[in-house]
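Next come the chains, spelled out residue by residue.
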Number of protein chains: 2
Amino acid sequence: MSKSEINIGLIGFGTIGAGVVEIFNKNQDILSKKCGKPVHLRKVADLDITTDRGVKIDESILTTDVNDVLENDDIDIVIELVGGYEPAKTFVLKAMENGKHVVSANKALIAKHWEELISTADENNVRFSFEASVGGGIPVLQPLNECLSANRFEAIYGIMNGTANYILTKMSEEGLKFEDVLKEAQDKGYAEADPTFDIEGHDTAQKLIVLTKLGFGEYVPQEKFHVEGITKITPEDIEFAKNELDYVIKLLGIAKQTNDGLEIRVHPTFIKKDHLLASVNDVFNAIYLIGDFVGPVMLYGQGAGRMATASAVVGDCLDIIFNESKRISYGPVESQVKSMKNIDDVVSKYYISLTTVDEPGVLQTITGTLNKNGISIESITQKTNIDSESVPIIIVTHETEEKNIQQAIQKINELKEVEGESKLIRILE
Amino acid sequence: MSKSEINIGLIGFGTIGAGVVEIFNKNQDILSKKCGKPVHLRKVADLDITTDRGVKIDESILTTDVNDVLENDDIDIVIELVGGYEPAKTFVLKAMENGKHVVSANKALIAKHWEELISTADENNVRFSFEASVGGGIPVLQPLNECLSANRFEAIYGIMNGTANYILTKMSEEGLKFEDVLKEAQDKGYAEADPTFDIEGHDTAQKLIVLTKLGFGEYVPQEKFHVEGITKITPEDIEFAKNELDYVIKLLGIAKQTNDGLEIRVHPTFIKKDHLLASVNDVFNAIYLIGDFVGPVMLYGQGAGRMATASAVVGDCLDIIFNESKRISYGPVESQVKSMKNIDDVVSKYYISLTTVDEPGVLQTITGTLNKNGISIESITQKTNIDSESVPIIIVTHETEEKNIQQAIQKINELKEVEGESKLIRILE
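An unreviewed UniProt entry annotates chain A as Homoserine dehydrogenase originating from Methanobrevibacter arboriphilus JCM 13429 = DSM 1125. Listed in UniProt under the heading Cofactor (unreviewed entry), the comment for chain A reads: "a metal cation". If you open the UniProt record of chain A and go to Sequence similarities (unreviewed entry), you find "Belongs to the homoserine dehydrogenase family."

Engineer: Any chance you could break down the overall build of chain A for me, citing the residues and the numbers?
Structural biologist: Counting its regular elements, chain A contains 13 helices and 17 strands. Computed over its C-alpha atoms, the radius of gyration of chain A comes to 24 Å, within 12% of the 22 Å expected for a compact globule of 429 residues. Across its three principal directions, the C-alpha atoms of chain A cover 80 × 45 × 35 Å. Of all 429 residues assigned to chain A, the portion counted as buried reaches 60%. Sequence separation of at least 24 residues holds for 73% of the intrachain contacts in chain A that already meet a minimum separation of 6. Element-wise, carbon and sulfur atoms account for 46% of the exposed surface of chain A, whose accessible area totals about 16600 Å².

Engineer: I'd like a description of the sheet that holds strand β2 (residues 39-45) of chain B, backed by residues and values.
Structural biologist: Residues and elements named next belong to chain B. If you trace the six strands from one edge of the open sheet to the other, you get β3-β2-β1-β4-β5-β6, paired in parallel fashion. Here the strands that pair on one side only, and so sit at the sheet edges, are β3 (62-63) and β6 (128-129). Taken together, the six bridges between strand β1 (residues 6-11) and β2 define a ladder with parallel strand orientation. Looking at the pairing, Ile 6 lines up with Val 39 of β2. Along the sheet, helix α1 (residues 15-35) contacts β1, β2 and β4 (77-80); its crossing angle with β2, the most-contacted strand, is approximately 160°. The sheet contacts of helix α11 (residues 306-322) involve β1, β2, β4, β5 (101-104) and β6, and relative to β5 the element is tilted by about 155°.

Engineer: How would you summarise the sheet that holds strand β1 (residues 6-11) of chain A if you had to cite specific residues and measurements?
Structural biologist: Sheets are built from strands paired through backbone hydrogen bonds, the pairs being either parallel or antiparallel. All names here are of chain A. Taken in spatial order, the six strands line up as β3-β2-β1-β4-β5-β6 in an open sheet, and their pairing is parallel. Edge positions in the sheet fall to β3 (62-63) and β6 (128-129), since each of these pairs with one other strand and no more. Taken strand by strand, helix α11 (residues 306-322) contacts β1, β2 (39-45), β4 (77-80), β5 (101-104) and β6, and its axis lies near 155° from that of β5.

Engineer: Please give an account of the domain arrangement of chain A that cites residues and values.
Structural biologist: Under the domain assignment, chain A is made up of domain 1 (6-133), domain 2 (141-303) and domain 3 (347-428). One C-alpha centre belongs to domain 1 of chain A, the other to domain 3 of chain A, and the line joining them spans 52 Å.

Engineer: Hey, could you go over the environment of Ala105(B) for me, with residue numbers and the actual values?
Structural biologist: Residues and elements named next belong to chain B. Along the chain, Ala 105 turns up in the loop between β5 and α4 (107-123). Accessibility expressed as a relative area gives 14% for Ala 105, which makes it buried. Taking the C-alpha atoms as reference points, Ala 105 and Ala 312, 207 residues apart in sequence, are found 8.6 Å from one another. Apart from residues lying up to four places away in sequence, Ala 105 is in contact with Glu 80, Leu 81, Ala 132, Ser 133, Thr 309 and Val 313.

Engineer: Please set out the relation of the copies chain A and chain B residue by residue, giving values where relevant.
Structural biologist: The two chain copies are related to each other by a rotation about an axis together with a translation along it. Note on the copies: chain A fits chain B at an RMSD of 0.0 Å, the axial shift is 0.0 Å, and the rotation between them is 180°. The superposition of one copy onto the other is thereby described by a two-fold rotation axis. Proximity to the rotation axis, assessed at the C-alpha, singles out Leu299(A) in chain A; its C-alpha lies 2.4 Å from the axis. In this assembly, 100% of the residues forming the interface of chain A have copies in chain B that are likewise at the interface, indicating an isologous arrangement.

Engineer: Give a description of the packing of helix α3 (residues 88-97) of chain B against α4(B) that names residues and reports values.
Structural biologist: All names here are of chain B. Running from N to C, α3 and α4 point in directions that differ by 15°, and their axes come no closer than 10 Å. By the angle between their axes, α3 is roughly parallel relative to α4. For the pair α3 and α4, the crossing hand works out as right-handed. Each of Ala 88, Lys 89, Val 92, Leu 93, Met 96 and Glu 97 in α3 lies in contact with α4, whose residues at this interface are Leu 109, His 113, Glu 116, Leu 117, Thr 120 and Ala 121. Grouping the constituent residues of the contact of α3 with α4 by class yields seven nonpolar, two polar and three charged.

Engineer: Before we move on, can you summarise the interface of chain A and chain B with the specific residues and values?
Structural biologist: When the parts come together, some accessible area is lost, and that loss is often what is quoted as the size of the interface. Tallying the contact residues gives 53 residues for chain A and 54 residues for chain B. When the two sides are added together, the surface that chain A and chain B hide from each other amounts to roughly 4800 Å², 57% of it contributed by carbon and sulfur. At the boundary of chain A and chain B, one finds four salt bridges. For the salt bridge of Asp29(B) with Arg152(A), the shortest nitrogen-to-oxygen distance reads 2.8 Å. In this structure, the connection of chain A to chain B is made through 25 residue pairs in polar contact (both at pLDDT 80 or more). Going through the elements one at a time, α1 (15-35), α5 (141-147), β12 (295-302) and α11 of chain A are the ones with two or more residues in the side of chain A that touches chain B. Element by element, the count of residues in the side of chain A that touches chain B is highest for α1(A), at ten residues. With three bridges connecting them, β12(A) and strand β12 (residues 295-302) of chain B associate as antiparallel partners. Paired with Leu299(A) across the strands is Leu299(B), a residue of β12(B).

Engineer: Can you explain the side chain of Asn145(B)? Please cite residues and give values.
Structural biologist: The topology assignment puts Asn145(B) in helix α5 (residues 141-147). Contacts of Asn145(B), omitting those with residues within four sequence positions, involve Lys34(A), Phe322(A), Leu214(B), Ile328(B) and Tyr330(B).

Engineer: Let's hear about a negative patch on the surface: which residues, and what values?
Structural biologist: Together, Asp358(A), Glu359(A), Glu389(A) and Glu419(A) give the surface a local cluster of negative charge. Inspection of the secondary structure puts Glu359(A) in the loop between β13 (347-357) and α12 (362-372).

Engineer: Hey, could you go over the pattern of salt bridges for me, with residue numbers and the actual values?
Structural biologist: All names here are of chain A. A complete count under the given rule lists 54 salt bridges over all chains for this structure. Here Lys 3 ties to Asp 76 by a salt bridge, and the two come within 2.7 Å at their closest N and O atoms. With a gap of 73 residues between them, Lys 3 in the segment before β1 and Asp 76 in the loop between α2 (67-70) and β4 connect regions that are remote in the sequence. Under the relative-accessibility criterion, Asp 76 is labelled buried at 10%. Here Arg 53 ties to Asp 48 by a salt bridge, and the two come within 3.9 Å at their closest N and O atoms. Judged by its relative accessible area of 16%, Arg 53 falls in the buried class. Looking at Asp 48, the relative accessible area reads 28%, which means it is partly exposed. Through salt bridges with shared partners, one network takes in Asp 260, Glu 263, Arg 265 and Lys 341.

Parameters at a glance
Within each chain, residue numbers correspond to sequence positions counted from 1 in written order. By the order in which they are written, chains take letters starting at A while ligands take numbers starting at 1. In view of the model being predicted, local features appear only for residues whose pLDDT reaches at least 70, and side-chain atom pairs are presented and counted only at 80 or more, with totals across whole chains, interfaces and linings using the full set of residues. Hydrogens and water molecules were not included; the side-chain quantities draw on all heavy atoms of the structure. UniProt positions are given in the numbering used here, feature names are shortened, and annotations may be inferred rather than shown by experiment. Helix and strand definitions here come from DSSP, where helices need a minimum of 4 consecutive H or I residues and strands a minimum of 2 consecutive E residues; each element is numbered from the N-terminal end. For this measure, only C-alpha atoms enter the radius of gyration; the expected value for a globule follows 2.2 Å times N^0.38, where N is the number of residues. Burial here depends on accessible area, computed with a 1.4 Å probe over protein chains only, as a share of the maximum for the residue type. Under 20% is buried, over 50% is exposed, and the range in between is partly exposed. Throughout, a contact is declared for two residues whenever any of their heavy atoms are within 4.5 Å. Exposure was quantified through the Shrake-Rupley algorithm and a 1.4 Å probe, taking into account, for residues, occlusion by the shown protein chains and nothing else. In this analysis, strands are considered paired if DSSP registers two or more bridges between them. The angle between two axes is taken between their N-to-C directions and runs from 0 to 180 degrees, where each axis is a line fitted to C-alpha atoms and a helix contributes only its stretch in contact. For each domain, the first and last residues come from an automatic or database assignment. Copy-to-copy alignment: least squares on C-alpha atoms, limited to residues at pLDDT 70 or above in both. When describing relative orientation, an angle under 35 degrees is termed roughly parallel and one over 145 degrees roughly antiparallel, while 65 to 115 degrees is termed roughly perpendicular and anything else oblique. Take the far helix as the reference: if the near one is turned anticlockwise from it by less than a right angle, the crossing is left-handed, and if turned clockwise, right-handed. Each residue receives one of three labels: charged for Asp, Glu, Lys and Arg, nonpolar for Ala, Val, Leu, Ile, Met, Phe, Trp, Tyr, Cys and Pro, and polar for the others, Gly being one of them. A simple way to read buried area is as the amount of 1.4 Å-probe accessible surface that goes missing from two parts once joined, with both sides added. By definition here, a salt bridge exists when the distance from a side-chain nitrogen of Lys or Arg to a carboxyl oxygen of Asp or Glu is within 4 Å. Here a polar contact is recorded for every N or O atom pair within 3.5 Å, except that within protein the pair must consist of a potential hydrogen donor and a potential acceptor, and residues adjacent in sequence are included only if both atoms are side-chain atoms. Patches in this entry comprise residues that are over 30% relatively accessible and not in a salt bridge; like charges within 9 Å are linked, as are nonpolar side chains (Val, Leu, Ile, Met, Phe, Trp, Tyr) within 5 Å. When charges are counted, Lys and Arg are positive and Asp and Glu negative, with His and the chain ends excluded. Where a charge lies is defined by one atom per residue type, namely NZ (Lys), CZ (Arg), CG (Asp) and CD (Glu).

Printed below as a string of structure tokens:
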């Protein structure tokens, strides 16, 4: 930027907002040194400016009037940390229309209103940066979109939700039930009071939408792909896969380029123990991608939290100061993806867990049903249960199309010998 | 860049140069789309333009005269892939003086002539980018220097040499001797005919110099820090540490900010099995860093090779096209680091392996020597060896200063009961 000093305005003085204030308090010297000029946090707007956020702040910069930021001619960059759709969207668009660059961590807003946000930034010749929206503090979007931009990507996988990863890690390490770990995570503050968004995969889906746009140039709205959470996973699934099959379970967002179009999905996934993603535990996140020249790359760190997310937000501000005129094409702004593979056509190996009554011939009936649907079996394990007349059966299939497995599962569930619903977990090879 | 098309000149048509040509052959459409304008590889200079490099190339762009690149007014960006100090340095400086931006993968050159290269780029108002010089294809320098620039770094560790990591991985997995794995690696093309540079830690040291400058703002020439290779590591060290102590061995470059100044060193290091770096195997590299806000971040991928390194080189070209005017301060250009911790003052846990004669009281003499030097012992293991009169002893110490351990080891080596030289491996906690 050609100005002799840079002024930043912040809207939303919540958890991450307080982290941003803390960076300006603690690392002001680094910021100014790197940029070669002073960088100030000039205004902080929030409806509540009286609650103590646990950070030192010059009270004269606090305001309840958002226009002290949006209409302030001194402000060069606006940080939006309001979250959600409205009024965040109105604030972001107004900032851009007023010629201000915008930094946001708002994945929901970006995943839903991609087209309008990018076009408005372009029309007003300002920058719109959102590194913090995917992977929290982990450098993901800039590496993907710039350092690795000579590559055609084959696949982008990611562990993108810290709450879900924490729950699955604890279930795996301590053999605990989903409900028990969720409660513990809520007590520790690792999970929200209403955890739906995290554990049902919606948060991962929003991040995957942003990654897919940047990695493959296609915008795919969430209603267009399969999103499945982790609530049905049991300690028995995890235990069996770990000990018998050398698999670890992770909630993955997956985007893959195939000959039949883009393949996008979010679901719990078994991955091999020696895959580097299998070692990403607790609240940590990681994005694993494969480029045609660079090969596999993994970017790992804290995907959420006040300090890590604030690091990415302020990093974006510096990037704008370094490169005010940067223009990267995100590909055509279109709301419809051109060629996409339906979940029915996805090819995968599957783990199937079901319970049958203890009768002769049951196993044969089940394997027969799988064969009839063109599914070949890699392994089958029938557990004897002396205390019960129910028999748990675990099947691992070879690669097959999702529609085959769904048809077979429907038939199997209809068998009178099968108790309850069968469970399906996809396996990443 | 404001020009309507961009022309790139390449000097050095070797392995990585051929990879760059391949990217332009295969992904020209992506490059031009991302930049919003055509990007051409206009000239390729090498003394040998007749040997087949296994890539398709328009022969009219080949030249043996380097001035067809350096003095060519059409060329905007020069890629230097000559390697070594001269004539690479002359070419880079001349390109800058002629107003051309420069991209280089030449870690030796950058680590040694940092000051002159950066100043010349600044004076001539051109960019100098060298992402490929550290971590090959892995996005490291841009994330460190831009995305994470709001952080004060506490530490930067790295597995930065693929050859050394391949050898240590194979030794660990298959219980093989250093010499045998080295020979196998040479046969497979993973190690050079003269592997000194890789296995003695010099390559890691050069990369660490670049990382230290970017992460801590200090330039530390190689003669100022301890560099130790992996040639003395035995399968027995690895086996014992793995099975008895839960450690894995890696050749690490380590830069740490401490209260007593910067701490910089390169040496084989035991790290805990559950540290994410312990899962980085074969020829892969990873940089692990800790920032005061972002916390731990790891960047993983292929640290060498034609395709991956070319990905970083072309990524740098695109970064220059996106942001021709980007100016990031690398901190003061000084050839002397202000405050640095001597290796004698480094605090670490240590693994000591030695062999003694089988006599009563030997163990007591050795533990006595350690105690006298202020070293407290975490564990000691004496192995009985029925076929020999020699007794191997393994000691793990608590944290102590390097000078204490060096004094103690000298005393121990002088004991008449001790055979040969004791071996020391530092442990990263």
